[in-house]
Amino acid sequence: MTCEELLLLRESVDLEVKRAQGRHGGGAVPESIWETYSAMANTSGGVIVLGAGERDDGSLSIVGIDKPAKVLRDLWNTLNNTSKVSRNVLHHRDVEVMECGDQQVITISVPRASRSDRPIYLGENPFSGTYRRHNEGDYRCDEMTVRRMIADATHETRDDFVLEGFDLHDLDANTLSAFRNEFRSTRPGHPWIALDDKDLLEQLGGWKRDRRSELEGVTAAGLLMFGQLRPLLEAFPTYQVDYQQRPDKEDDPDRRWVDRVTTDGTWPGNLYDFYRRVFPRLTSDLRIPFQLKDGHKRVDETRVHEALREALVNTLIHADFLGTTAISILKFPHKFVFRNPGGLRLPLDVVRSGGTSDCRNRNLQKMFQMVGAGEQAGSGIPKILRAWREQEWHRPAWREYMQPDRTHLEMEMHTLLPPESLGALSFRFGKDFEHLNNHVRLAVVIAHTEGSVTNQRLQEITDTHPTDLTRSLRQLVEDGMLVKDGVGRGSSYELPPFDGQPSSFEMDRNDGRTKQPDPENLQAIEETTTAKVETEQPIYPPEVIRVRNSGRVTERSTMEAAILAACNDTFLTASELATILRRSTQTLRATYLPPLVSTGDLLLLHANKRNHPRQAYKARQRQYDSNVD
């Protein structure tokens, strides 16, 4: 790491800076570093910098460490003292003395601790000395969170224990029969097909005899996969599975879903029945053309179908069934969301790369694999990524949340580079935009389509290094294509206000004069770019045309009528509205959109979160008079 890269880290990684000057100013290990060390190791890792401070604007100021050798010696002594810190997860390569001008700083790259090493705690009591990182702060974990960490660390699989008092009567016979039929169809001739229910369950990990305690019965995996609802709730009080198909249009704000499968007592409620009911719903209306095998045989399942099956099964087999949140599958018109209780057991970069698996419920995994649902360890997620990449859709994004622990997978069916956005941005910025390389151009496109872009958002959809992303975002600000809001990891970037004039009227950077293209070239540019902008709506309503062709609009009602007319048939983001109306995004957001939402004239795409980064607006009904010449 270089000093320049260090100064860029503020937005790209979890970074904690400490002046670490000590009592006499020569440098010392601050006591507060250990809570941060525990927190980062128990979360997603991060970087601690000794010898730096933070200015009011969020930037770093280098104060330096005069005696780094002494600080390093004290650091390693404490790390290797198990009465102070439970485990040292650092290698010598993780700690570096760096020259920044005439000052020296110490950088400590704390990795995410492995599942078997967590929790990393201070002192000798994990229940009082365990911390995690959340919103750039260190928080002491509650007892239940620590217990779940210990359970993950000490159990390779969480679903193999015998449930005392439960037996075959607690399983649903129809579910088990359906599984047998699918097993027979998927693996004809397999020797387990001839086994009775108990012996088959034992081979699958659904029945077990504990040789030490001689306790025998249904395992957690057996009950979760095949159980009836009442026994399931007795064994797992917070158990809930929920599938919802959300409506295409929210004309009726009270309509939350159009189809739902949940643990409501009308079906057994176990995981295998949930899978059988939900997967056909997920894929029922996929607009993906079928494929041909050997040039003539139709293959009804595409890689997108395969990816959705992997996502569904992964959600079920990686869930922490002692967690407090439900397994939730959401189907939107252009997106799927898979949510399960429990965090990832591997770092996200390892998960994405494939080849490595650390399943929380390995017997459930084996059961699904025996009926052809779910791939071998480590191959499922690469298949998800490949399917979405082949369609040129947004890269699937995994996110971990805490309090309570849960993992979300979002799979959007939107192209990364929509033609209408490319046209609008080319119209606005001209060759400056068209000459950008791919990941830099993508930052501007995301700001246009989603209203804003962050370093973290770009990390989800590109493989570019985080510091390179920060450098690119800063250059886009300098070039006038983005404006920055916030500091540190809270920084976001938006498109600047737009006056409706294409980039052909840009200022000459050398002498400040306005460059005027000749009228013929200007007309050609306008015809080409306007065609791109108006691909989906070539004819604007009169109210929109009036505003587009006007300079300053003095009548509020005129602007409101134009907004409602533009949003009459579809949801539009503020930036899309700004492009259509040739106005400033900030003006629309600050002056016009909130009152229209308050009066109910505009509906929100994300009604439960008004500040959603991808918020969009749609007119409730046609509120305007189109009798305009």
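Structure: above.
Read on for a plain summary of the structure.

### As for the side chain of Glu410
Link 1 in the chain: Its place among the elements puts Glu410 in strand S18 (residues 406-412).
Link 2 in the chain: A polar contact of 3.3 Å, which involves the side chain of Glu410, links it to the side chain of Arg399.
Link 3 in the chain: Sequence-distant contacts of Glu410, that is, excluding residues within four places in its chain, are made with Lys335, Phe336, Val337, Pro396, Ala397, Arg399 and Arg614.

### Some points on the pattern of salt bridges
Link 1 in the chain: This model, assessed by the stated rule, comprises 37 salt bridges.
Link 2 in the chain: When the shortest N-O distance is used, the salt bridge between Glu306 and Arg386 registers 3.4 Å. Here Glu306, found in helix H11 (residues 303-317), pairs with Arg386, found in helix H14 (residues 380-390); they are 80 residues apart in sequence, far enough to count as distant.
Link 3 in the chain: With relative accessibility at 26%, the residue Arg386 sits in the partly exposed group.
Link 4 in the chain: Its salt-bridge partner being Glu410, residue Arg399 comes within 3.3 Å of it at the nearest N-O pair. Placement of the pair is Arg399 in strand S17 (residues 397-401) and Glu410 in strand S18, with a sequence separation of eleven residues.
Link 5 in the chain: The buried category is assigned to Arg399, whose relative accessible area is 18%.
Link 6 in the chain: Salt bridges here are not isolated pairs; linked through shared partners, they connect Arg115, Arg148, Asp152, Glu156, Arg158, Asp320, Arg345, Asp358, Arg360 and Arg362.

### Thoughts on the sheet that holds strand S1 (residues 15-18)
Link 1 in the chain: Taken in spatial order, the four strands make up an open sheet running S1-S2-S6-S5, and their pairing is mixed. Two strands lie at the open edges of the sheet, namely S1 and strand S5 (95-100), each paired on one side alone. The mean angle between the axes of side-by-side strands here comes to 25°, regardless of whether they run parallel or antiparallel.
Link 2 in the chain: Across five bridges, the pairing between strand S2 (residues 46-50) and strand S6 (residues 103-110) is antiparallel. From the neighbouring strand, Val49 faces S6, where its bridge partner is Thr107.
Link 3 in the chain: Sheet strands in contact with helix H2 (residues 33-42) are S1, S2 and S6, and its direction is about 165° off that of S2.

### Some words on the nonpolar core
Link 1 in the chain: Counting residues in hydrophobic clusters, the biggest one holds 69 residues, and the most contacted among them are Leu271, Phe274, Phe338, Trp388 and Met411.
Link 2 in the chain: In this view, Phe274 contacts Val241, Asp242, Tyr243, Val261, Trp267, Leu312, Leu316 and Ile329; residues no more than four positions away in its chain are not counted.

### Here we look at the pairing of strand S15 (residues 327-332)
Link 1 in the chain: Among the six residues in S15, five count as buried, and that is most of the element.
Link 2 in the chain: In this sheet, S15 lies alongside strand S11 (residues 241-245) in parallel orientation, the contact comprising five bridges. Within S15, the residue paired with Asp242 across the bridge is Ser328.
Link 3 in the chain: Across five bridges, the pairing between S15 and strand S16 (residues 335-341) is antiparallel. Residue pairing for S16: Ser328 is matched across the bridge by Arg339.
Link 4 in the chain: Between the antiparallel neighbours S15 and S16 lie two residues.

### Some thoughts on the packing of helix H23 (residues 574-581) against helix H24 (residues 585-598)
Link 1 in the chain: Running from N to C, H23 and H24 cross one another at 105°; their axes reach a closest spacing of 8 Å. Accordingly, the angle class assigned to the pair H23 and H24 is roughly perpendicular. Taken together, the residues of H24 that come into contact with H23 (itself represented by Ala574, Ser575, Leu577, Ala578 and Leu581) are Thr585, Leu588, Arg589 and Leu593.
Link 2 in the chain: Its residues assigned to classes, the contact of H23 with H24 comprises six nonpolar, two polar and one charged.

### Quick word on the environment of Glu54
Link 1 in the chain: Relative to the helices and strands, Glu54 resides in strand S3 (residues 52-54).
Link 2 in the chain: Along the backbone, Glu54 and Val17 are 37 residues apart, and their C-alpha atoms lie at a distance of 7.2 Å.

### A short note on the pairing of S1
Link 1 in the chain: The two faces of S1 match: Leu15 and Val17 on one face and Glu16 and Lys18 on the other face are all buried.
Link 2 in the chain: Note: S1 against S2, four bridges, orientation parallel. Bridge pairing in S2 links Val17 to Val49.
Link 3 in the chain: On the question of chirality, the crossover connecting S1 to the parallel S2 by way of H2 is right-handed.

### Section: unusual backbone geometry
Link 1 in the chain: With an omega of 0°, the peptide bond running from Arg118 to Pro119 counts as cis.
Link 2 in the chain: Here Pro119 lies in the loop between S6 and helix H4 (126-129).
Link 3 in the chain: Residue Pro404 is reached from Gln403 by a cis peptide bond, and omega for that bond is 0°.
Link 4 in the chain: With respect to the helices, strands and loops of the structure, Pro404 is situated in the loop between S17 and S18.
Link 5 in the chain: Its identity is not glycine, yet Ala20 carries a phi of approximately 55°, on the positive side.
Link 6 in the chain: In this fold, Ala20 is placed in the loop between S1 and H2.
Link 7 in the chain: Take Ala20: its relative accessible area is 8%, and that puts it in the buried class.
Link 8 in the chain: The residue Gln403 is not glycine, and still its phi comes out positive at about 55°.
Link 9 in the chain: With respect to the element layout, Gln403 can be found in the loop between S17 and S18.
Link 10 in the chain: On the basis of relative accessibility, which here comes to 58%, the residue Gln403 falls in the exposed class.

What counts, and where the lines are drawn
Residues numbered from 1 in each chain as written. Predicted model: local features only at pLDDT ≥ 70, side-chain atom pairs only at ≥ 80, totals over all residues. Heavy atoms only, no water. Helix = DSSP H or I, 4+ residues; strand = E, 2+ residues; numbered from the N terminus. Polar contact = N/O pair within 3.5 Å; in protein donor to acceptor, adjacent residues only side chain to side chain. Contact = heavy atoms within 4.5 Å. Salt bridge = Lys/Arg side-chain N within 4 Å of Asp/Glu carboxyl O. Buried < 20%, exposed > 50% of the residue type's maximum accessible area, 1.4 Å probe, protein only. Pairing = 2+ DSSP bridges. Axes fitted to C-alpha atoms, helices over the stretch in contact; angles between N-to-C directions. Core = buried A, V, L, I, M, F, W, Y, C linked by side-chain atoms within 4.5 Å. Parallel < 35°, antiparallel > 145°, perpendicular 65-115°, else oblique. Nonpolar A, V, L, I, M, F, W, Y, C, P; charged D, E, K, R; others polar. Right-handed = clockwise from strand over helix to strand, strands pointing away.

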